[in-house]
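Overview (structure and organization)
Here are the chains, one letter per residue:
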Amino acid sequence: MHINIPRGTQDILPGTVEKWQYIEGKIKQLCDRYQYSEIRTPIFEHTELFLRSVGDTTDIVTKEMYTFEDRGKRSLTLRPEGTAAVVRSFVENKMHGYASQPIKLFYLGQMFRYERPQAGRFRQFVQFGVEAIGSKDPAIDAEVIALAYSVYQTMGLSKLKVVVNSLGDKESRQAHREALIAHFKPSIGEFCHDCQTRLEKNPMRILDCKKDHEHPLMKSAPSILEYLNEESKAYFEKVQKYLTALNIPFVVDSNLVRGLDYYNHTAFEIMSEAEGFGAITTLCGGGRYNGLTEELGGPEAPGIGFAMSLERLLSALEAEKIELPIEKKVDCYLVSLGEEAKDYTVGLVNELRQAGFSAERDYLDRKVKAQFKAADRLHAKYVAVLGENELQNNKINLKQLETGEQKEIPLTELVSALKDFGSF
Ligand code: ATP
Ligand code: MG
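Since the model is a prediction, treat every value here as computed from it, not as a measurement. Sequence order as written defines the numbering, with residues in each chain counted from 1. Naming scheme: in the order in which they are written, chains are lettered from A and ligands are numbered from 1. The model is predicted, so local features are restricted to residues of pLDDT at least 70 and side-chain atom pairs to those at 80 or more, both for listing and for counting; the totals for chains, interfaces and linings are taken over all residues. Side-chain figures throughout are based on the complete set of non-hydrogen atoms in the structure, without hydrogens or water.

What about empty space enclosed by the protein?
Unfilled space is identified by rolling a water-sized probe across the atoms. The method works on a 1 Å grid over the protein atoms by themselves. A cavity is a set of points holding a 1.4 Å probe that cannot get out, a pocket is an open set with protein on both sides within 12 Å along at least five of seven lines, and residues with an atom within 4 Å of a point line them. Grid points are joined across faces, edges and corners, and a volume is the space filled by probe spheres set on the points. Under the definition given, this model contains 2 cavities of 30 Å³ or more. Roughly 40 Å³ of volume is contained in the second largest cavity. If you go around the second largest cavity, the residues you meet are T41, R79, E81, G82, A85, V86, Y107 and M111. At the level of secondary structure, the elements contributing two or more residues to the lining of the second largest cavity comprise α4 (83-92) and β5 (103-112). Any residue that is not Ala, Val, Leu, Ile, Met, Phe, Trp, Tyr, Cys, Pro, Asp, Glu, Lys or Arg is counted as polar, Gly included; the first ten are nonpolar and the last four charged. Its residues placed into classes, the lining of the second largest cavity shows 4 nonpolar, 2 polar and 2 charged. Only runs of H or I of at least four residues qualify as helices and only runs of E of at least two qualify as strands under DSSP, and these elements are numbered from the N terminus.

Here it is, written out as structure tokens:
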């Protein structure tokens, strides 16, 4: 019987997995520089968590969740995004009481959404995201955007576009909401079913509709920026001022609203403008979510964060034809000749590994030439050759592949000789 991989998922095989490891390593380094600590939350959560936080008019909640009932008849959902769980954990672990504030966290892990699979859209994908909770200093908005931007910059991407907007506070949004309803209501019949539902529930989300985005009423829709009250306006101006101070080029787009319900004030996206990146140009999205901790039963603690998928980051690297500097080498390959020598390498390869070297030997009874080929394929730095003669004399032949330099050394000194060669 032939069983295929589920739609919208992928195997990440050796040869590719090194890219992922490289990116993950860089991300962790950057998070350390920006002082964000890792948090790991469960892969599944109570369904209720996402209904309450992500919002019941969003694509995620209305059609993309992997929801199931467990044997105890609880409704659980494979996490479709990271913010809800991080905020749940913040509240549950009373992090607002921690001495060091604000709480700055990052996560890196699989997310699950029942989507129509296509380039840049998977059903299981890996998101890197951060959340800074406990501050409403616009400097932290700028810091979060800078961190996202620096991930792409560190990888060597240059065709980037940073788009920012403000969704204002409750008061501003209320005024904008009424203007949007008045704008769309007379012609709502020309919009998709989803938009018709959004009109009363959350009219701002009409602006984020993927089906109707070409409708002329979209372009002429009232801009949130005209409805910002003084406080929201001042906040947004500060964020822009700090972005400029951080040398981050950005544009303001008042139609940027983002998919999730919980955003207010700052919203942003980073897009790739690389040719051939495909129809989906968004690499990363984020924003401020003051009020979400209270919604989840916690104290007031304003937050901001973003999420990006590594799949889209990899596509952008491909579109810009960027090769990551990945070096995969084995320190020493043991070539043996004859049964006794072969037996001896069982212990020897182990000795090398215990001493901290990566080491490999033959397991297919290959001829010497084929063993050398195997060493080459693994990009071995050194090959140590052990024949019957060498074994009898307690010697081994050590060869540096790149230079061709070789020397015969006492068998007991292989580890120290490798260390002495200097390049380790
Ligand atoms: P889109 O408009 O592309 O559907 P979204 O608004 O659903 O994005 P978010 O929920 O904000 O996206 O997720 C943040 C980031 O996660 C996206 O910018 C993208 O990098 C990534 N992402 C979202 N959905 C997927 C997916 N199905 N496959 C791969 N990456 C994804
Ligand atoms: Mg989506």
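Still more to cover.
Regarding unusual backbone geometry
Between Q101 and the following residue, P102, the backbone shows a cis peptide bond with an omega angle of -5°. Notably, N247 is not glycine yet its phi reads approximately 60°, a positive angle. Along the chain, N247 turns up in the loop between α9 (230-245) and β8 (251-252). Burial classification: accessible surface area is computed with a 1.4 Å probe over protein chains only, and a residue below 20% of its type maximum counts as buried, one above 50% as exposed, and the rest as partly exposed. The exposure class assigned to N247 is exposed, which follows from its relative accessible area of 66%. Here H265, not a glycine, exhibits a phi torsion of approximately 50°, which is positive. In this structure, H265 sits in strand β9 (residues 264-272).

A short note on the UniProt feature "binding site: L-histidine" (unreviewed entry) in the chain
Under the UniProt annotation, the feature "binding site: L-histidine" (unreviewed entry) is placed at E81, G82, T83, R113, Q127, E131, R258, Y262 and Y263. In the annotation above, E81 and G82 are the residues that line the second largest cavity. For E81, a relative accessible area of 3% puts it in the buried group. Counted as a polar contact is a pair of N or O atoms within 3.5 Å, where, for protein atoms, one must be capable of donating a hydrogen and the other of accepting one, and residues adjacent in sequence contribute only when both atoms are in side chains. Separated by 3.4 Å, the side chain of E81 and the backbone nitrogen of T83 make a polar contact. Residue classification places G82 among the buried positions, given a relative accessible area of 5%. UniProt positions are given in the numbering used here, feature names are shortened, and annotations may be inferred rather than shown by experiment.

Observations concerning helix α13 (residues 368-377)
Residues of α13 that are buried include every one of Q371, A374 and A375, and no others. The arc that holds every buried residue of α13, seen down its axis, measures 100°, which confines them to one face. Opposite the buried face of α13, by more than 90 degrees, sit the exposed residues K369, K373 and R377. Throughout, a contact is declared for two residues whenever any of their heavy atoms are within 4.5 Å. Here the buried face of α13 lies against β12 (330-336) and β14 (380-386). A positive phi of about 55° marks H379, the residue just after α13. When we speak of the arc, we mean the arc of directions from the helix axis to the C-beta atoms.

As for the environment of E115
Looking at where E115 falls in the secondary structure, it is placed in the loop between β5 and β6 (124-133). The exposure class assigned to E115 is buried, which follows from its relative accessible area of 12%. As for E115 and F268, which are separated by 153 residues in sequence, their C-alpha atoms are 23 Å apart. In contact with E115, other than residues within four places in its own chain, are E64, R121, F122 and R123.

With respect to the sheet that holds β14
One requirement defines pairing of two strands: DSSP has to find at least two bridges between them. Spatially, β13-β12-β14-β15-β16 is the arrangement adopted by the 5 strands of the open sheet, whose pairing is mixed. Each having just a single partner strand, β13 (359-361) and β16 (406-410) make up the two edges of the open sheet. Shown here is a sheet whose adjacent strand axes are inclined to one another by a mean of 25°, direction ignored. Examined bridge by bridge, β14 and strand β15 (residues 395-400) share 4 bridges and lie antiparallel to one another. Axes here refer to lines fitted to C-alpha atoms; in helices the fit is confined to the stretch in contact. Angles between the N-to-C directions go from 0 to 180 degrees.

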